[in-house]
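Chain residues, written in single-letter form:
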There are 2 protein chains.
Amino acid sequence: MSMTKNNENRIILPEPTIRRLPWYLSYVRMLDNMQVEYVSSTQISNELNVQSSQIAKDLSFLNIRGKTRIGYEVKSLVTVLEDFLGFNRHHNAVVIGTGSLGTALMQDHGLENYGLNIVAGFDVRSEVIGKEIGGVPVYDIDQLADWRQKNDVSIAILTVPVERAQETADLAIASGMTALWNFTPYRIKVSDDVIIANTSIYAHLAIIYNRMHGNG
Amino acid sequence: MSMTKNNENRIILPEPTIRRLPWYLSYVRMLDNMQVEYVSSTQISNELNVQSSQIAKDLSFLNIRGKTRIGYEVKSLVTVLEDFLGFNRHHNAVVIGTGSLGTALMQDHGLENYGLNIVAGFDVRSEVIGKEIGGVPVYDIDQLADWRQKNDVSIAILTVPVERAQETADLAIASGMTALWNFTPYRIKVSDDVIIANTSIYAHLAIIYNRMHGNG
């Protein structure tokens, strides 16, 4: 698939589709490891509990066609999905807040398999500033704006305490970051031109508790 | 608020509502720390970018009423939200897969503020079995079923490599776990009586990339 990406020619997918594509990718990567050559949407459907018509629709956004009665070529599907999802391009990011979650993300080389390179950490605590975590240097948050001027990084991962979420987001944006990955439970306000993804792990806990006990 | 929770008398909330409630909680906890006494739904609305009618509707599931022109008492709203979300009750959990993410969750005492106590880790790697992480013991995954018989734990947090996701989920359920918190990008299949929450951090990455570049 040739990648043509610019602001005039972009496809903004519906979020539910984007959420399902990584499921397909995980599955076909597994098939590829098992040397399986072809997979049908029916097989994917049975394995992942997603309706086969939905899968066909989701994959129609991609530049790939299955063969009648044989299905999709597994290797091509892996490549096309990785290309499409951006997982095989490099994206530099910084972690702001190097507590336990921030540290874990800096040490988790699994993220590199999804195209994310964490190139710096920032913190307010003097005991971590100047050190390295997982080979990545940690700087004083006061240096963020200066550092950003010299480094082409657009993604800031926010793993600060919740009461610092908004002010840290404001600082990151003022420093030139254009995409925020918010791991705090705080609903950060940003202007429309800033990209924000909320990974609200506490909300997922609440869903588990609610399904276990109900509430009221 | 009196809590009546049993299978005959449970309220299963819509997921979008459950996702918003922790935002409100983070905000009113912050106000409480700042000694603010009352908050109106208009204030919450302005702060969190959620429509004020939506907030009133969400909070109507809770046993609390605002006063005309004054709003909700902050301290009561904190308590009622914590009660309702289950964050001030103890829920025991195990972590299966003590890699970097599993380790981070075991060390992150922030989860305790949300009612989650991680009481054991399980792994296949001999170099971690028998050790402790953040004061929590790590056992051989082969011991899970035996261990579960002696310990009242229903929640398993899955932080295993993606290719182990389904088999580990099956093992956890066979051992008596009834709720899975899945951090792998794999779409795990479970029967309807098992609770599953997917925290698909890679899907969020894909959303950021797509919004940054578009695809296609």
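Residues numbered from 1 in each chain as written. Chains lettered and ligands numbered in written order. Predicted model: local features only at pLDDT ≥ 70, side-chain atom pairs only at ≥ 80, totals over all residues. Heavy atoms only, no water.

Engineer: Explanation requested: the interface of chain A and chain B in the structure shown.
Structural biologist: Note on interface size: it is often stated as the accessible area lost on association of the parts. Across the boundary between the two partners, chain A contributes 69 residues, which contact 69 residues of chain B. Seen at the junction of chain A and chain B, the total is 0 salt bridges. Here chain A and chain B share 18 residue pairs in polar contact (both at pLDDT 80 or more) between them. Of the residues contributing to the side of chain A that touches chain B, the split by class is 37 nonpolar, 21 polar and 11 charged. (Contact = heavy atoms within 4.5 Å. Salt bridge = Lys/Arg side-chain N within 4 Å of Asp/Glu carboxyl O. Polar contact = N/O pair within 3.5 Å; in protein donor to acceptor, adjacent residues only side chain to side chain. Nonpolar A, V, L, I, M, F, W, Y, C, P; charged D, E, K, R; others polar.)

Engineer: Would you take a moment to explain the sheet that holds strand E5 (residues 132-133) of chain A for this structure?
Structural biologist: The pairing of strands in a sheet happens through backbone hydrogen bonds and is either parallel or antiparallel. Spatially, 7 strands are ordered E5-E6-E4-E3-E7-E8-E9 (chain A) in an open sheet, and the strand pairing comes out mixed. Sheet topology places E5 and strand E9 (195-198) of chain A at the edges, where each strand pairs with a single neighbour. Lying on the sheet, helix H7 (residues 165-174) of chain A is in contact with strand E3 (91-96), strand E7 (155-158) and strand E8 (179-182) of chain A; it crosses E7(A) at an angle near 165 degrees. Contacting E3, strand E4 (116-123), E7, E8 and E9 of chain A, helix H8 (residues 201-213) of chain B runs over the sheet at an angle of about 165 degrees to E8(A). (Pairing = 2+ DSSP bridges. Helix = DSSP H or I, 4+ residues; strand = E, 2+ residues; numbered from the N terminus. Axes fitted to C-alpha atoms, helices over the stretch in contact; angles between N-to-C directions.)

Engineer: Whenever I open this one, unusual backbone geometry confuses me. Can you help?
Structural biologist: Generally, phi is negative for residues other than glycine and the peptide bonds are trans, each holding for most cases. Residues and elements named next belong to chain B. Although it is not a glycine, Asn49 adopts a positive phi angle of roughly 60 degrees. Secondary-structure assignment places Asn49 in the loop between helix H2 (41-48) and helix H3 (52-59). For Asn49, a relative accessible area of 47% translates into the label partly exposed. (Buried < 20%, exposed > 50% of the residue type's maximum accessible area, 1.4 Å probe, protein only.)

Engineer: Where do I start with the environment of Leu62(A) in this structure?
Structural biologist: Residue and element names in this part refer to chain A. Looking at the secondary structure, you find Leu62 in the loop between helix H3 (52-59) and strand E2 (72-73). For the pair Leu62 and Asp83, spaced 21 residues apart in sequence, the C-alpha separation works out to 9.6 Å. Once residues within four sequence positions are removed from consideration, Leu62 is found in contact with Leu21, Val80, Leu81 and Phe84.

Engineer: Please explain the packing of aromatic side chains as it appears in this structure.
Structural biologist: In this description, a pair of aromatic rings is defined by centroid distance and the angle of the planes. What the rule picks out here adds up to 14 aromatic pairs over all chains. Clustering of aromatic rings is evident, with ring pairs tying together Phe87(A), Tyr114(A), Tyr202(B) and Tyr209(B). The ring centre of Tyr114(A) lies 5.0 Å from the NZ or CZ of Arg29(A), which sits over that ring. (Phe/Tyr/Trp six-rings, centres within 6.5 Å; stacked < 30°, edge-to-face > 60°. Lys NZ or Arg CZ within 6 Å of the ring centre and 35° of its normal.)

Engineer: Just checking my understanding: could you explain the layout of surface pockets for this structure?
Structural biologist: To find leftover empty space, a probe the size of one water molecule is rolled over the atoms. Roughly 1,200 Å³ of internal volume is contained in the largest pocket. What lines the largest pocket is a set of 40 residues, among which Glu15(A), Arg19(A), His204(A), Arg19(B) and His204(B) lie closest to the centre. Those elements giving two or more residues to the lining of the largest pocket turn out to be helix H1 (15-33), E9 and helix H8 (201-213) of chain A together with helix H1 (15-33), strand E9 (195-198) and H8 of chain B. Among the residues forming the lining of the largest pocket, the class breakdown is 15 nonpolar, 13 polar and 12 charged. Volume-wise, the second largest pocket comes out at about 910 Å³. Lining the second largest pocket are 36 residues, with Thr159(B), Val160(B), Pro161(B), Val162(B) and Glu163(B) sitting closest to its centre. For the lining of the second largest pocket, the secondary-structure elements that each account for two or more residues are H1 of chain A together with helix H5 (100-107), strand E4 (116-123), helix H7 (165-174) and H8 of chain B. Broken down by element, the residue count for the lining of the second largest pocket peaks at 5 residues, all from H1(A). Here the lining of the second largest pocket is built from residues that sort into 16 nonpolar, 12 polar and 8 charged. (1 Å grid on protein atoms, 1.4 Å probe; cavity = no way out; pocket = protein on both sides within 12 Å on 5 of 7 lines; lining within 4 Å. Points joined across faces, edges and corners; volume = space filled by probe spheres on them.)

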